[in-house]
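# Observations on chain architecture
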Amino acid sequence: ESLKRIAEVEKDVQAFLLVDEEQARERAKAIDQDIAVSEDLGILAGLPMGVKDNIVTEGIRTTCASRILANYEPIYSATVYKRMLAGQAIMIGKTNMDEFAMGSSTEHSAFHPSYNPWNLDYVPGGSSGGSAAAVAAREVYFALGSDTGGSIRQPASFTGVVGLKPTYGLVSRFGLVAFASSLDQIGPITKNVEDAAYVLQTLAGYDELDSTSANVSIPDYITPLTGEIKGLRIAVPKEYMGEGVDPAVKEKMLEALKVFENLGAVWEEVSLPHTEYAVATYYILAPSEASSNLARYDGVRYGVRTDSAENLIEMYKKTRSEGFGSEVKRRIMLGTYALSSGYYDAYYRKAQKVRTLIKQDFEQIFAKYDLIFGPTVPTTAFRIGEKISDPLQMYVNDILTIPVNLAGLPAISIPAGLVNGLPVGLQLIGKHFDEVTILRAAYAFE
Ligand code: GLN
């Protein structure tokens, strides 16, 4: 069914960088045989999935949508991919993304953009735009994405699906190609909340191969989905509903709050005063970490090497100049600058301090409330080409998702209706490792 659907719609949506039909059919056959001989089925048995192309898959090309990795076939698999295989999911292919997950529209893919299935003139969001578009267009049952500053939630919002960014440390990053290691998290993109709970159940868990993996016990995410949320305390930050939020999006949020009221939840307005510094903080820290992480692409260890160099230094320079796209180069330059001696204290260290203040804002709210509510993005999807030449415009689109990564918190985006034919997502942010409350509330709302 999945391959049939891809044959119908993929020419328009272009969600995939690689569709691995042979591998998928073989796996489906193997799972069929398992099913015939064993009662013991994985909870994702037989479900077709898409995997973002920054998650390494042994023997299957993994490009991060970059020319510099255009020929890279990993010799090992990411922990999350192994977990999905253990859950008996079937990978249909690798999904498109902004190069190295840097962007909010999937237009920064070195190979081709992806398109929003609701209206092909619009972006599907990013950087996990291929994963979101593939789920929204029903090409796969679910997909994996990664979220450094919103890259699971923002495309979920733009394409009318569910996207969950888990608590930092809940899901292994081993085998996720690093962008900003202190912010990156892998999570599910699904059609509905229940599916998100099933996929998270399979993804979550301690991994000794990831030094930042949290050794916590994993709760049951599925049984608590009862629809019952009476007495839940919801905080609504005024900074998330104010200036800059499209009035039609705000309207949808007020309607959603009514639904929560009717379900017996209570909500109050609160303040997260450092919200306005989140984007600036992120665009110091994320590029700094990226500039360091991307130093490994030197034409020696991974991927593509220039064929026109006379000596070693020239080989490094040409490989990187030819291999990286303009947004990636911009980030490497920003990060290298912020980390350089003489600027480190003014930029990098300062940003780390502000990161702590943002985290404390959240801690104060969570001392009194169970969840924080707001739009995922201040607007619906924008047009292809609309923001591509103005990086700052692209950056501020993530204003409501970035604070969550800076604080390491879990958050979900779920559909909250349509504005002018395009989906709007609402965001629920939870306490560290309290995915259960997020999923419960999201399920009751849905
Ligand atoms: N859009 C943000 C950026 O460009 C976040 C991307 C992400 O979460 N990977 O960095």
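Reading the values: the criteria
Residue positions within a chain follow its written sequence, with the count starting from 1. Local features in this predicted model are restricted to residues whose pLDDT is 70 or higher, and side-chain atom pairs enter the listing and the counts only when it is 80 or higher, whereas totals over whole chains, interfaces and linings include all residues. UniProt positions are given in the numbering used here, feature names are shortened, and annotations may be inferred rather than shown by experiment. For each residue, a C-beta atom is placed from the backbone, and the residue is labelled near a molecule or strand when this atom is within 6 Å of it. When residues are grouped by polarity, Ala, Val, Leu, Ile, Met, Phe, Trp, Tyr, Cys and Pro land in nonpolar, Asp, Glu, Lys and Arg in charged, and all others, Gly among them, in polar. To obtain an axis, a line is fitted to C-alpha atoms, over the contacting stretch when the element is a helix, and the angle between two such axes runs from 0 to 180 degrees between their N-to-C directions. Helical segments are the DSSP runs of H or I of at least four residues, strand segments are the runs of E of at least two, and each set is numbered from the N terminus. Roughly parallel means an angle under 35 degrees; roughly antiparallel, over 145; roughly perpendicular, 65 to 115; everything else is oblique. Left-handed describes a crossing in which the near helix is turned anticlockwise from the far one by less than a right angle; the clockwise case is right-handed. Residues are scored as being in contact if the C-beta atoms we place from backbone atoms lie within 7 Å. Using C-beta atoms placed from the backbone, we call a residue buried if 20 or more other C-beta atoms fall within 10 Å of its own, exposed if 12 or fewer do, and partly exposed for counts in between. Two strands are counted as paired when DSSP detects at least two bridges linking them. Whether a crossover is right-handed comes down to one check: with the strands pointing away from the viewer, does the path from the first strand over the helix to the second run clockwise; if it does, it is right-handed.

You'll find the chain entered in an unreviewed UniProt entry as Glutamyl-tRNA(Gln) amidotransferase subunit A, with Tepidibacillus fermentans given as the organism. Looking at the Catalytic activity (unreviewed entry) heading of the UniProt record, one finds this comment for the chain: "L-glutamyl-tRNA(Gln) + L-glutamine + ATP + H2O = L-glutaminyl-tRNA(Gln) + L-glutamate + ADP + phosphate + H(+)". The heading Function (unreviewed entry) in the UniProt record of the chain holds the text "Allows the formation of correctly charged Gln-tRNA(Gln) through the transamidation of misacylated Glu-tRNA(Gln) in organisms which lack glutaminyl-tRNA synthetase. The reaction takes place in the presence of glutamine and ATP through an activated gamma-phospho-Glu-tRNA(Gln)."

## Side note on the site of the ligand
Around the ligand lies a shell of 13 residues, among which Ala101, Ser104, Thr148, Gly149 and Ser151 are the nearest. Its residues assigned to classes, the shell around the ligand comprises four nonpolar, seven polar and two charged.

## Re the packing of helix α8 (residues 278–293) against helix α11 (residues 345–366)
Closest axis-to-axis distance for the α8/α11 pair is 9 Å, and the angle between their directions is 125°. By the angle class used here, α8 and α11 are oblique. In the packing of α8 onto α11, the handedness of the crossing is left-handed. Residues Ala278, Thr281, Ile284, Leu285 and Ser288 of α8 form the contact with α11, whose own contacting residues are Tyr347, Tyr348, Ala351, Val354, Arg355 and Ile358.

## Examining the pairing of strand β3 (residues 90–95)
Judged by how many residues are buried, β3 sits mostly within the fold: six of six residues are covered. Relative to β3, strand β1 (residues 16–19) runs antiparallel, the two sharing three bridges. Residue pairing in the sheet places Phe16 in a bridge with Thr95 of β3. This β-α-β element, strand β2 (residues 48–52) to helix α3 (residues 79–86) to β3, shows right-handed connectivity.

## Some remarks on helix α14 (residues 435–445)
The buried fraction of α14 is high, at nine of eleven residues. Taken together, the buried positions of α14 are Glu435, Ile438, Leu439, Arg440, Ala441, Ala442, Tyr443, Ala444 and Phe445. In this structure, the buried residues of α14 make contact with α6 (193–203), α7 (247–262), β9 (371–375), β10 (411–419) and β11 (422–430).

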